[in-house]
Amino acid sequence: MTADLAAALFRPRSVALVGASADPAKASSRPLRFLRRSGFAGAVYPVNTRVTEIDGEPAFPSLGALPEVPEHAFLMTPAAATIDAVRQCGKLGVPVVTVLSGGFAEAGPEGAARQRELAAVARASGTRVVGPSSLGLVNTRTGLTLTANAAFADPDLKPGGIFVASHSGSLIGALLSRGAACSHLVSVGGEADLGIGEICGTAVADPDVTGFLLFLENLRHAEGLRTFARAAAAHGKPVLAYKLGRSRAAAELAVSHTGSLAGEDDVAAAFLADCGIARAHTLDGLLEGLPLLARTPVPGGARVGVVTTTGGGAAMVVDQLGVLGIDVAGPTPATLDRLAAAGAPAAPGVIVDLTLAGTRNEVMSAALDVLLSCGEFDLVVAVVGSSARFEPEIAVRPIVDRAHRPGLAAFLVPHAPEALAMLAAAGVPAFRTPESCADAIAAAFARQAPRSVSPPAPGGPGPVHPLDEAESYAVLADVGVEAAPHRVLPVDSADAEDLRFPVAVKALSASLGHKSDVGGVVLAVDTPEGVREASARIRADVAARGGVEISEVLVQSMEAGLGEVLVGYREDPDVGPLVLVAAGGVLTEIYADRSLRPAPVDLATAHRLLGEVKGIAALRGHRGAPRGDLGALARLVVAVSELAARGDVAEAEINPVLVRPDGEGVVALDAVVRLRDGSTKGDAE
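Reading the values: the criteria
- Residues numbered from 1 in each chain as written.
- Predicted model: local features only at pLDDT ≥ 70, side-chain atom pairs only at ≥ 80, totals over all residues.
- Heavy atoms only, no water.
- Salt bridge = Lys/Arg side-chain N within 4 Å of Asp/Glu carboxyl O.
- Helix = DSSP H or I, 4+ residues; strand = E, 2+ residues; numbered from the N terminus.
- Buried < 20%, exposed > 50% of the residue type's maximum accessible area, 1.4 Å probe, protein only.
- Axes fitted to C-alpha atoms, helices over the stretch in contact; angles between N-to-C directions.
- Parallel < 35°, antiparallel > 145°, perpendicular 65-115°, else oblique.
- Left-handed = near helix turned anticlockwise from the far one by under 90°.
- Contact = heavy atoms within 4.5 Å.
- Expected span 1.5 Å × (residues − 1).
- Polar contact = N/O pair within 3.5 Å; in protein donor to acceptor, adjacent residues only side chain to side chain.
- Pairing = 2+ DSSP bridges.

In this structure, what is going on with the pattern of salt bridges? I would like to understand it.
It is possible for side chains bearing opposite charge to pair when their charged atoms get close. Overall, the coordinates contain 33 salt bridges when judged by the stated rule. Among the ionic pairs, Arg646 bridges to Asp478, the shortest N-O distance being 3.3 Å. Taken together, the residues Arg646 in the loop between helix H22 (630-641) and strand E28 (649-659) and Asp478 in the loop between helix H18 (469-477) and strand E21 (486-490) connect sequence positions 168 residues apart. With relative accessibility at 27%, the residue Arg646 sits in the partly exposed group. Between Arg539 and Asp492 there is a salt bridge, with the nearest N and O atoms lying 3.0 Å from each other. Remark: Asp492 occurs in the loop between E21 and strand E22 (503-507) and Arg539 occurs in helix H19 (residues 528-546); sequence separation between them is 47 residues. Within the structure, one salt-bridge network assembled from shared partners comprises Glu223, Arg226, Asp274 and Arg451.

Right under this line is the structure:
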């Protein structure tokens, strides 16, 4: 089925251009011109109800009037007519349709309804749909330039090995304007049917495709993207993505701590990493980073050496790498001695600065040979100055001659197109700016192998209901999470004679999100009489300040420990279950110090999560302080992540988890669980 879809998408023997125009000023006139100029060998059928000829070729009044059923139809019809056109394609048996027109999900409720209808028609008919709002797709190997994108008016497109897939058609133009050498390019648009992952997956086994560049605006078809990424990794083909949505304005997902902390960008970063997809954060890093990924093992190291003829240019690279958390290491004294013996002396320091002597072939060649063979670096970046522009053949020849050596990249300080072209032709990763150089290196080093088994799929949209604190503890106990000893007592007869004091007295209601905000918590109560007084006061305060009537309180033993951590779980509607760790307590949202992963996680991943939260560093015995039980905390993270297997938990949050001294464990001091509607309190218990 994948082979059939690939053929219809990128190697069709016939295409229909529905709504093709004879007016050269209209975008709908472009596909016919582009196909003819690029030498597409298949049959092309313009379809237009008002004319009988376009550019000297016969035009047909309808799809039904064509001499054959086309393998691919490009619909350039108004939005209102598009669904009927897709329906007609389905009746005729057209395998694939690409929809250019907008006016669907992006156009408000009416457009969203239209997109749902489009998807339903596609499912019912068996015709697969690219789009809507797709500018089309291209296969440079076959001359299939089935697009209305004006960028393809350029007659000098470079065929290459890069498969480009983008939610934005204009980004494809940006790639082409930079001279990207591509095998396939596709604007996926609104993904009413075919998602970006499924489309890319059709080309994973294509020998002409060497790697994938993705421009992502959302993760709507996340599971298809994960499946594709796993297949790409199995074929040894790197995937580099740029994902929009890094600003906080685009990041709020829910009103709970866990939801607001797990912003869209955090979710995207965790998901892409879990899939083994490298992520660029700059456009230049996306455009220039793929060759480096192709030459970097997974997982890669993080030892970077820099050799240069210009100290200022090298310092810019070192600075940008430092911003991204990658330290540049200078050579050891033994390697400095080898450099001097080879005729490439350098002073001790972070960079190997050959000064102007490095512009001589024999000096740079000797330095590269030593640095690439010393075993101290996973990557050596050669930084070349002005000579790259004015003497390109001389300046980059030592780098080109070592293109076969792994772990080598270049940054050219001046604008040096000839030198860049030489390096690209040799397969050496080369960068125009220090920002793109550092961005690509960080992306390459951060990659990991994709998870071999997919996490559970999202539970789907729908209302949820919260459990009260006691009911939440019962759900968490099912996966092995221990809560501090507690009892549920009626407010009117709060008999606490047999409790261990001091205790915390808390309002018990599923309707209260933050109990302390409305006077629902009294701490350090040390007598049974104090419990009764606190219960009465809590009932009055919660009614007055929170508008909630309570009949029960939860009385819980107060515990001592070294620190507090938040551990949360939620189901993202696109990527599925996630587990989150953050600095705990009431200031969690302010610090925004957190890390998350797709759930469930194993123990090693849980420890990595803890290592990424700055606030947890204090629990590692900082400056002689007692060390917290991080082993027990990691096991709790694993346990919470296993809520993914239940299927009824939409969200869970423990804040705080109290971390005791090493060997003494951890304990939950507050929790809330939200179940999908249809689940009951009895299910939790």
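So, next bit.
What am I meant to see in unusual backbone geometry here?
Among all residues except glycine, the phi angle is most often negative; among peptide bonds, the trans geometry is most common. Put simply, Phe501 and Pro502 share a cis peptide bond, and its omega is 0 degrees. Mapped onto the fold, Pro502 is located in the loop between E21 and E22. Look at the link from Asn655 to Pro656: it is a cis peptide, with omega at 10 degrees. Among the secondary structure elements, Pro656 is positioned in strand E28. In the Ramachandran plot, Ser133 falls in the positive-phi region, its phi being about 60 degrees despite a non-glycine side chain. Assignment of secondary structure puts Ser133 in the loop between strand E7 (128-130) and strand E8 (136-139). Since its relative accessible area comes to 31%, Ser133 is described here as partly exposed. One non-glycine residue, Glu191, lies in positive phi territory at about 55 degrees. Under the relative-accessibility criterion, Glu191 is labelled buried at 3%.

Could you clarify how one ought to interpret the packing of helix H13 (residues 361-373) against helix H15 (residues 392-400) in this entry?
Packed helices, taken two at a time, are described by their axes: the angle between them and the distance between them. Packing of H13 against H15 leaves a shortest axis separation of 9 Å and a crossing angle of 25 degrees. Viewed along their axes, H13 and H15 adopt a mutual orientation that is roughly parallel. Pair H13 / H15 crosses with right-handed handedness. Mapping the contact onto sequence places Asn361, Met364, Ser365 and Leu368 in H13 and Arg397, Pro398 and Ile399 in H15.

Before we go on, may I ask you to explain H22 in this structure?
Taking 1.5 Å of rise per residue, the twelve residues of H22 would be expected to cover 16 Å, and the 16 Å separating its terminal C-alpha atoms lies within 8% of that figure. Among all positions of H22, only Leu630, Ala632, Leu633, Ala634, Leu636, Val637, Val638, Ala639, Val640 and Ser641 are buried. Each element contacted by the buried residues of H22 is listed here: strand E25 (563-572), strand E26 (576-583), helix H21 (603-611), E28 and strand E29 (666-668).

Sorry, what's going on with the side chain of Ser166 here?
Within the fold, Ser166 resides in strand E10 (residues 159-166). Assessed through its relative accessible area of 1%, Ser166 is described here as buried. One polar contact links the side chain of Ser166 to the main-chain carbonyl oxygen of Ser168, over a distance of 2.5 Å. Not counting the four nearest positions on each side in its chain, Ser166 is found in contact with Leu171, Ile172, Val186, Ser187, Val188, Gly189, Ile196 and Phe215.

Quick question: what am I supposed to make of the sheet that holds strand E23 (residues 521-525) here?
In any sheet, the strands associate via hydrogen bonds between backbone groups, in a parallel or an antiparallel arrangement. What the four strands build is an open sheet, ordered E21-E24-E22-E23; its pairing is antiparallel. Of all strands in the sheet, those with a lone pairing partner are E21 and E23, marking the two edges. Across the sheet, the axes of successive neighbouring strands diverge by a mean angle of 20 degrees, strand direction being ignored. Sheet topology places E22 next to E23; three bridges connect them, and they run antiparallel.

In this structure, what is going on with the environment of Ser168? I would like to understand it.
By the element assignment, Ser168 lies in the loop between E10 and helix H5 (169-177). For Ser168, a relative accessible area of 12% corresponds to the buried category. In this structure, the C-alpha to C-alpha distance between Ser168 and Val186, residues 18 residues apart in sequence, is 9.4 Å. Once you skip the residues sitting within four places of it in the chain, Ser168 turns out to touch Phe215 and Glu217.

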